[in-house]
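# A look at the structure
Next come the chains, spelled out residue by residue.
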Amino acid sequence: MNGETEVDDSRLEKVIGYTFRDPALLRRALTRRARAQEDDSPDSEGHMDALATLGDAVIDTVVLESLYAAGIADKGEMSVAKMNMVNMSSLRGLAESIGLSDYVLWGKGERHQHVWTSGRVLAECMEALCGAVYLDGGMDAVRNVLKRLLFLV
């Protein structure tokens, strides 16, 4: 599918184990800037970019809390463990494991180029999803999603 048609967001909610109180946040998290521009959405509200930035920080925080709870208290060890857990490859793999590309609303050029198959694109989509979960349900909601997806130690 890869964003060619509207998809049933409730399927994704079942996969991640979280139901959004504000479905507009999920829509925004799944909408790429190129698609928002094609749809003439307001630039600051219609796409995932800000949510990806927020999600990046939230994921880092949840992972650091998890590492600390697991008994990793040395700063250097914690930093290395976090870098190994939270990187482009691991977030992209997490996104692939839940079929996230099937839910994202891609721009026409992105669909044509299959941008989700290379680089950081899917990792950013995963970050945006976590940013939306955070805004909708808080840190516990993100923690629960990442636990459900077996991302945390």
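Summarised in this report is the structure supplied together with it. Owing to the predicted nature of the structure, the values given are computational and were not obtained by experimental measurement.

### Digging into the overall build of the protein chain
Counting secondary structure elements, the protein chain contains 9 helices and 0 strands. The order of α-helices and β-strands along the protein chain, N terminus first, is α-α-α-α-α-α-α-α-α. Its C-alpha atoms give the protein chain a radius of gyration of 15 Å, near enough to 15 Å, the size a compact globule of 153 residues would have. By principal-axis analysis of the C-alpha atoms, the protein chain measures approximately 50 × 30 × 25 Å. Taken across its 153 residues, the protein chain has 48% of its residues classed as buried. Considering only contacts within the protein chain whose residues lie at least 6 apart along the sequence, 70% involve residues at least 24 apart. Surface accessibility of the protein chain: about 7,600 Å² in total, with carbon and sulfur atoms responsible for 51%. Between the mean site of the 17 positive side-chain charges and the mean site of the 24 negative ones, the protein chain shows a separation of 2 Å.

### Section: helix H9 (residues 139-148)
When H9 is considered as a whole, its buried residues turn out to be Ala-141, Val-142, Arg-143, Val-145 and Leu-146. Tucked into the core, H9 has its buried residues touching helix H1 (9-16), helix H4 (49-69), helix H6 (88-97) and helix H8 (121-137). Leu-150 sits one or two positions beyond H9 and adopts a positive phi of about 60 degrees.

Each value, and the rule that gives it
- Residues numbered from 1 in each chain as written.
- Predicted model: local features only at pLDDT ≥ 70, side-chain atom pairs only at ≥ 80, totals over all residues.
- Heavy atoms only, no water.
- Helix = DSSP H or I, 4+ residues; strand = E, 2+ residues; numbered from the N terminus.
- Rg over C-alpha atoms; globule rule 2.2 N^0.38 Å.
- Buried < 20%, exposed > 50% of the residue type's maximum accessible area, 1.4 Å probe, protein only.
- Contact = heavy atoms within 4.5 Å.
- Areas by Shrake-Rupley, 256 points an atom, 1.4 Å probe, with all protein chains shown as cover.
- Lys, Arg positive; Asp, Glu negative; His and termini not counted.
- Charge placed at Lys NZ, Arg CZ, Asp CG, Glu CD.

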